[in-house]
Amino acid sequence: DMNIRKFPDSSELRSEYLLNFFTTGMMFFLLACARAYAKVLEEPFVRLVRFEDLTSPDRETVLKPAHAIAELTECSVETALKALKEADGVQTLTYSGRHSKLGAFWTQEVEDKFCELGADVLNEQLGYSRSYTPQS
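What you are looking at is a predicted structure, and each value in this text was computed from that prediction instead of being measured.

1. Topic: the environment of Lys-113
Link 1 in the chain: Along the chain, Lys-113 turns up in helix H6 (residues 108–116).
Link 2 in the chain: Judged by its relative accessible area of 23%, Lys-113 is partly exposed.
Link 3 in the chain: Separated by 95 residues in the primary sequence, Lys-113 and Leu-18 place their C-alpha atoms 9.5 Å from one another.
Link 4 in the chain: Non-local contacts of Lys-113, meaning those with residues more than four positions away in its chain, are made with Leu-19 and Phe-22.

Rendered as structure tokens:
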């Protein structure tokens, strides 16, 4: 039985874990949150800030979310950039010290189940490619 509190490290991850996770209440909760967030994005004053952009080592990529944060919090872009830098690498429940790689265990069966759940449509609504294929 998979312990949801500590998802296995990428080196230990197998497609069975994802397939099992896709049937849990936590997955349905995450999908519900994503659907709600996708709906909120339709509001005129909501800014989309993606994790990948926030944690990018490329300053130009981080500038877009930094501008959105600065605008909404009424601080300078430099203050937002400083806060993002300070938050980077802070140990959390899901912190591994690196970006996850899905390619090794994202099988066609996993992709089919992901699409069956409508998560591919949610990906697109949240600014990602609907036909995203993870790199290993």
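2. Considering the packing of aromatic side chains
Link 1 in the chain: In the structure shown here, the tally under the stated rule is 3 aromatic pairs.
Link 2 in the chain: Their ring planes at 40° and their centres at 6.1 Å tell us that Phe-22 and Phe-114 sit as a pair that is tilted. Here the residue Phe-22 occupies a position in the loop between helix H1 (15–21) and helix H2 (25–40), and Phe-114 occupies one in helix H6, the gap between them amounting to 92 residues.
Link 3 in the chain: Residue classification places Phe-22 among the buried positions, given a relative accessible area of 3%.
Link 4 in the chain: The exposure class assigned to Phe-114 is buried, which follows from its relative accessible area of 13%.
Link 5 in the chain: Within the aromatic cluster, the residues linked to one another by ring pairs are Phe-22, Trp-106 and Phe-114.

3. So, the pattern of salt bridges
Link 1 in the chain: Per the counting criterion, the structure on display carries 8 salt bridges.
Link 2 in the chain: Put simply, Arg-14 and Glu-16 hold a salt bridge, and the shortest N to O gap is 3.0 Å.
Link 3 in the chain: Assessed through its relative accessible area of 41%, Glu-16 is described here as partly exposed.
Link 4 in the chain: Across the salt bridge formed by Glu-71 and Arg-47, the nearest N and O atoms sit 2.8 Å from each other.

4. Focus on the nonpolar core
Link 1 in the chain: Core analysis: the largest hydrophobic core is formed by 18 residues, its most contacted members being Leu-18, Phe-22, Met-27, Leu-31, Trp-106 and Val-110.
Link 2 in the chain: Counting residues per element, the ones that place at least two in this core are H1, H2, H6 and helix H7 (119–125).
Link 3 in the chain: Counting residues per element, this core draws most heavily on H2, which supplies 4 residues.
Link 4 in the chain: In terms of nonpolar packing, the next biggest core, distinct from the first, is built from 7 residues, Val-62, Leu-63, Ala-66 and Leu-81 among them.

Rules behind the numbers
- Residues numbered from 1 in each chain as written.
- Predicted model: local features only at pLDDT ≥ 70, side-chain atom pairs only at ≥ 80, totals over all residues.
- Heavy atoms only, no water.
- Helix = DSSP H or I, 4+ residues; strand = E, 2+ residues; numbered from the N terminus.
- Buried < 20%, exposed > 50% of the residue type's maximum accessible area, 1.4 Å probe, protein only.
- Contact = heavy atoms within 4.5 Å.
- Phe/Tyr/Trp six-rings, centres within 6.5 Å; stacked < 30°, edge-to-face > 60°.
- Salt bridge = Lys/Arg side-chain N within 4 Å of Asp/Glu carboxyl O.
- Core = buried A, V, L, I, M, F, W, Y, C linked by side-chain atoms within 4.5 Å.

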